[in-house]
Amino acid sequence: MGKCAGLQIVCIGAGYVGGPTMAMIAYKCHDVTVTVVDISEKQIAAWNSDTLPIYEPGLDDIVKERRNKNLFFSTDVDGAVEKGDIIFVSVNTPTKTSGIGAGRAANISNCELVARNIAKVATSPKIVVEKSTVPVRTAESMGRVLAANEKGIKHQIISSPEFLAEGTAIEDLLEPSRVLIGGEQTPEGHAAVQKLVDVYEYWCPRERIITTNLWSSELSKLVANAFLAQRVSSINSISALCEVSGADVDEVARAVGTDYRIGKHFLKSSVGFGGSCFKKDILNLVYLCESFGLHDVAEYWNWVVKMNELQKERFAKTIVKRMFNTVTRKKIAVLGFAFKADTGDTRETAASDVCRFLLEEGARLSVYDPKVLAEDMERELLYAKCEKDQIDQQITRVEDVYAAAKDAHAVVILTEWKEFKELDFDKIYSVMEKPAFIFDGRNILDHAGLREKGFEVFALGKNKIN
Ligand SMILES: NC(=O)C1=CN([C@@H]2O[C@H](COP(=O)(O)OP(=O)(O)OC[C@H]3O[C@@H](n4cnc5c(N)ncnc54)[C@H](O)[C@@H]3O)[C@@H](O)[C@H]2O)C=CC1
Ligand SMILES: O=C(O)[C@H]1O[C@H](OP(=O)(O)OP(=O)(O)OC[C@H]2O[C@@H](n3ccc(=O)[nH]c3=O)[C@H](O)[C@@H]2O)[C@H](O)[C@@H](O)[C@@H]1O
């Protein structure tokens, strides 16, 4: 029995963060009961089925081992709130699409809604953990909503942002680089923080658990994502320079990243970063800076997003330019649609913008991705403002790379799936139109070998354009 024996942990929001994070707590703390609730019946039914709602390496085993032992998935939000000692809030906080701050500010209405519900339903004091990524001082609003309950109950709010990355969520949760916990600087606040420290201490070394105040914790999450995305935009800006100067972006990244003060991670040039969080969180940071009158600081960070948009556009334009300035009616095989490898997640994927550009140029796209669902692909294309007619008439989704390549003028790599490195490129070359182009938006292929086979290869940040 550990320190937390008998503790009831509840998580509101059974998405990419809530599901895996809670599964890990249940897996590591057998004497704690973990209940994950969501308003979406479909989502909960999937968590309780053989086909989990998200693809994440290693997740199935952990969920299946603990489910219905000390890990439960339910739609009974009120029942869970009532019995929970610690309640994680892991709901989505997307960018606002209308009203004040539209297109930049984070919409925290789900967080407030959850806080109102806890205030209404709870009959005992709760420790409410802000797990969602939120603007600084959201805990203040949530705290006030929680305090306004009619029963005079004193709840505690703490902030514990999540740093897992999709595709490596289980690894990241098993061995987190750090766990961040921020609380009020009062005796009750410290006690609440300690309760959560006790849970994480079941498997995380104490020195990796950072405790701080609420506002530092909230802001650190936005800053961490902004710094990571900034590195990708920085190396992508350099890829453009490499293409005109004859330098090789991977060589530059290696030489620069070997300096321990810079570090080698997150220096892989790509067609652009995607995912549900980088853009959203930077825009959130930009909006925060602007609302505090820090316009120059806001503009500085805004350029990380702008550079990313430019990279996607630059890559798509290169495809058209290299293919004799026209792709109209040409078939193009698109390999990969997820925003990164090892996930089926398509949110904000660079692939949707590249596809939109090519559709507008009249290309016919044949798309293959090993994990992306057809419905998610279509939703993301519509979100990226592709016309429904164009999606229906110009895009085909195929289950096989060679079917995608047949009669295609070009193969375009948009996600760094490992299987793409192991393809039979002789076979691909034989079924393609000639000249056969390859555009490697992830720099994962053996470009020299492909050129020997006869392909015209464009790789990001590697080709000197005369
Ligand atoms: N996806 C990721 O890799 C990471 C996400 N985050 C942050 O974590 C938060 C959650 O992100 P995801 O898990 O990706 O979102 P998600 O969209 O996958 O899941 C959110 C879930 O919350 C549920 N929900 C919304 N309002 C609710 C309510 N009032 N009551 C009950 N359930 C409700 C939704 O039905 C949905 O299933 C966001 O703030 C995000 O920025 C942080 C780190 C990593
Ligand atoms: O808040 C979040 O949602 C999470 O956002 C990112 O995680 P994630 O978006 O899942 O994936 P990353 O591995 O960070 O990749 C983001 C994007 O950047 C791209 N990328 C990453 C690294 C790189 O060197 N080059 C590059 O183009 C990826 O292909 C992907 O499109 C952060 O890495 C997590 O720490 C954070 O918790």
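Cut-off values and rules
Throughout this document, residue positions are counted from 1 along each chain, in the order its sequence is written. The lettering of chains begins at A and the numbering of ligands begins at 1, in the order of writing. This being a predicted model, a pLDDT of at least 70 is required before a residue's local features are given, and a value of 80 or more before pairs of side-chain atoms are given or counted; all residues contribute to the totals for chains, interfaces and linings. Computation of side-chain values: all heavy atoms of the structure, hydrogens and water removed. The criterion for a residue being near a molecule or strand is simple. One of its heavy atoms has to lie within 4 Å of it. Two N or O atoms count as a polar contact when they lie within 3.5 Å, although within protein this holds only if one can serve as hydrogen donor and the other as acceptor, and sequence-adjacent residues are included solely when both atoms are side-chain atoms. A 1.4 Å probe and the Shrake-Rupley method give the accessible areas. Residues count as covered only by the protein chains that appear here. Each residue gets one of three labels, nonpolar for Ala, Val, Leu, Ile, Met, Phe, Trp, Tyr, Cys and Pro, charged for Asp, Glu, Lys and Arg, and polar for the others, Gly among them. As a rule, the C-alpha atoms of each element are fitted with a line to give its axis, helices using only the stretch in contact, and angles between N-to-C directions run from 0 to 180 degrees. A run of DSSP states H or I qualifies as a helix once it reaches four residues; a run of E qualifies as a strand once it reaches two. Both are numbered from the N-terminal end. Angular relationships are summarised with four words: roughly parallel below 35 degrees, roughly antiparallel beyond 145, roughly perpendicular across 65 to 115, and oblique for the angles in between. By the definition used in this description, the sense in which the near helix is turned from the far one sets the handedness, with an anticlockwise turn below a right angle giving left-handed and a clockwise turn giving right-handed. Only heavy atoms matter for contacts: two residues are in contact if any of them lie within 4.5 Å across the pair. A 1.4 Å probe rolled over the protein chains alone gives each residue an accessible area, and that area as a share of the maximum for its type sets the label: buried under 20%, exposed over 50%, partly exposed in between. Where each domain begins and ends follows an automated or database-derived domain assignment. Here the quantity called buried area is the total loss of accessible area, with a 1.4 Å probe, experienced by two parts when brought into contact, counted for both. Just to be clear on terms, a salt bridge is a Lys or Arg side-chain nitrogen sitting within 4 Å of an Asp or Glu carboxyl oxygen. UniProt positions are given in the numbering used here, feature names are shortened, and annotations may be inferred rather than shown by experiment. Points on a 1 Å grid over protein atoms alone make up a cavity when a 1.4 Å probe fits among them but cannot get out, and a pocket when they form an open set with protein on both sides within 12 Å along at least five of seven lines; lining residues each have an atom within 4 Å of a point. Grid points are joined across faces, edges and corners, and a volume is the space filled by probe spheres set on the points. In this analysis, rings of Phe, Tyr and Trp, with Trp reduced to its six-membered ring, are considered paired at centre separations within 6.5 Å, and the interplanar angle assigns stacked below 30 degrees, edge-to-face beyond 60, and tilted for intermediate values. We call a charge positioned over a ring when the NZ of a Lys or the CZ of an Arg lies within 6 Å of the ring centre and within 35 degrees of the ring normal.

Asker: Honestly, the site of ligand 1 in this entry has me stumped. Any pointers?
Answerer: The local shell around ligand 1 holds 24 residues, among which Val17, Asp38, Thr93, Glu166 and Lys280 are the closest. At a separation of 3.4 Å, a nitrogen atom of ligand 1 approaches a polar backbone atom of Ile39. Bound to the protein, ligand 1 loses 89% of the 840 Å² it would expose on its own. For the shell around ligand 1, a count of residues per class yields eight nonpolar, 10 polar and six charged.

Asker: What is the right way to look at the packing of helix α11 (residues 278–291) against helix α12 (residues 295–322) in this model?
Answerer: Packed helix pairs are specified by the crossing angle of their axes together with the interaxial distance, meaning the distance between the axes. Two elements in contact, α11 and α12, have axes whose closest approach is 8 Å; the angle formed by their N-to-C orientations is 160°. By the angle between their axes, α11 is roughly antiparallel relative to α12. Remark: the crossing between α11 and α12 carries left-handed chirality. Across the interface between the two elements, Lys279, Ile282, Leu283, Leu285, Val286, Cys289 and Glu290 of α11 pack against His295, Val297, Ala298, Trp301, Asn302, Val304, Val305 and Glu309 of α12. Residue composition of the contact of α11 with α12, grouped by class: 10 nonpolar, two polar and three charged.

Asker: For this particular structure, what's the right way to read unusual backbone geometry?
Answerer: One can expect most non-glycine residues to show negative phi and most peptide bonds to be in trans. Each neighbour pair has its own omega, and for Lys434 with Pro435 the value is -5°, a cis peptide bond. As for its position among the elements, Pro435 is in the loop between α17 (425–431) and β13 (437–440). The backbone of Asn325 shows a phi angle near 65°, a positive value even though the residue is not glycine. Among the structural elements, Asn325 can be located in the loop between α12 and β9 (331–335). In this structure, Asp342 takes a positive phi of about 65° despite not being glycine. Among the residues examined, Asp342 registers a relative accessible area of 34% and is labelled partly exposed.

Asker: In this structure, what is going on with the domain arrangement of the protein? I would like to understand it.
Answerer: When the parts of a complex come together, some accessible area is lost, and that lost area is often taken as the interface size. Taken as a whole, the protein is organised into domain 1 (8–204) and domain 2 (278–459). The C-alpha-based centres of domain 1 and domain 2 are spaced at 34 Å. Facing the 20 residues of domain 1 at the interface are 17 residues of domain 2. Overall, the association of domain 1 and domain 2 removes approximately 1,500 Å² of surface from exposure, summing both partners, and the carbon and sulfur fraction of that is 54%. Its largest share of buried area at the contact with domain 2, domain 1 owes to Tyr55, Arg104 and Glu166, together 43% of the area lost on that side. Remark: the boundary between domain 1 and domain 2 carries two salt bridges. Seen at the junction of domain 1 and domain 2, the total is five residue pairs in polar contact (both at pLDDT 80 or more).

Asker: Whenever I open this one, the site of ligand 2 confuses me. Can you help?
Answerer: Every one of the 20 residues lining ligand 2 counts as a neighbour, but Phe163, Leu164, Ser270, Cys277 and Arg442 are closest to it. The contact in question runs from an oxygen atom of ligand 2 to an N or O atom on the backbone of Phe163, over 2.7 Å. Between ligand 2 and the protein, one listed contact pairs an oxygen atom with a side-chain N or O atom of Lys221 at 2.8 Å. For ligand 2, the accessible surface in isolation is 700 Å², of which the surrounding protein chains cover 88%.

Asker: Would you take a moment to explain the UniProt feature "active site" (unreviewed entry) in the protein for this structure?
Answerer: In the numbering used here, UniProt assigns the feature "active site" (unreviewed entry) to Cys277. Examined against the element boundaries, Cys277 turns out to sit in the loop between α10 (249–257) and α11. For Cys277, the contacting residues outside a window of four places in its chain are Asn225 and Ile282.

Asker: I would appreciate a short explanation of empty space enclosed by the protein in the present structure.
Answerer: A probe matching the size of a water molecule, rolled over the atoms, marks out where space remains unfilled. What the rule picks out here adds up to two cavities of 30 Å³ or more. The volume enclosed by the largest cavity comes to roughly 40 Å³. Contributing to the lining of the largest cavity are Glu130, Ser132, Thr133, Val134, Ser159, Pro161, Ser217, Glu218 and Lys221. Among the elements that line the lining of the largest cavity, the one with the most residues is helix α9 (residues 214–245), at three residues. Its residues assigned to classes, the lining of the largest cavity comprises two nonpolar, four polar and three charged. Estimated volume of the second largest cavity: approximately 30 Å³. Contributing to the lining of the second largest cavity are Phe273, Gly274, Gly275, Lys279, Asn308, Glu309, Lys312 and Glu348. In terms of residues, the lining of the second largest cavity owes the most to one element, α12, which gives three residues. When its residues are assigned to classes, the lining of the second largest cavity shows one nonpolar, three polar and four charged.

Asker: I keep staring at the packing of aromatic side chains and nothing clicks. Help me out?
Answerer: Under the counting rule described, the total for this entry stands at 13 aromatic pairs. Each ring, one from Phe437 and one from Phe439, has its centre 5.9 Å from the other, and the planes form 10°; the classification is stacked. Residue classification places Phe437 among the buried residues on the basis of a relative accessible area of 6%. Put simply, the rings of Phe315, Phe324, Phe437, Phe439 and Phe458 touch in pairs and so form one group of aromatic residues. A cation sits over an aromatic face here: Lys371 above Tyr55, 4.3 Å from the ring centre.

Asker: Can you walk me through the packing of α12 against helix α13 (residues 350–360) in this structure?
Answerer: It is at 9 Å that the axes of α12 and α13 come closest, and there the two elements cross at 40°. As far as their axial angle goes, α13 and α12 are oblique. Judged by the twist between their axes, the crossing of α12 over α13 is right-handed. Contacts between α12 and α13 pair Glu309, Lys312, Phe315, Ala316, Lys317, Ile319 and Val320 from the former with Ala350, Asp353, Val354, Phe357 and Leu358 from the latter. Class assignment of the residues belonging to the contact of α12 with α13 gives a composition of eight nonpolar, no polar and four charged.

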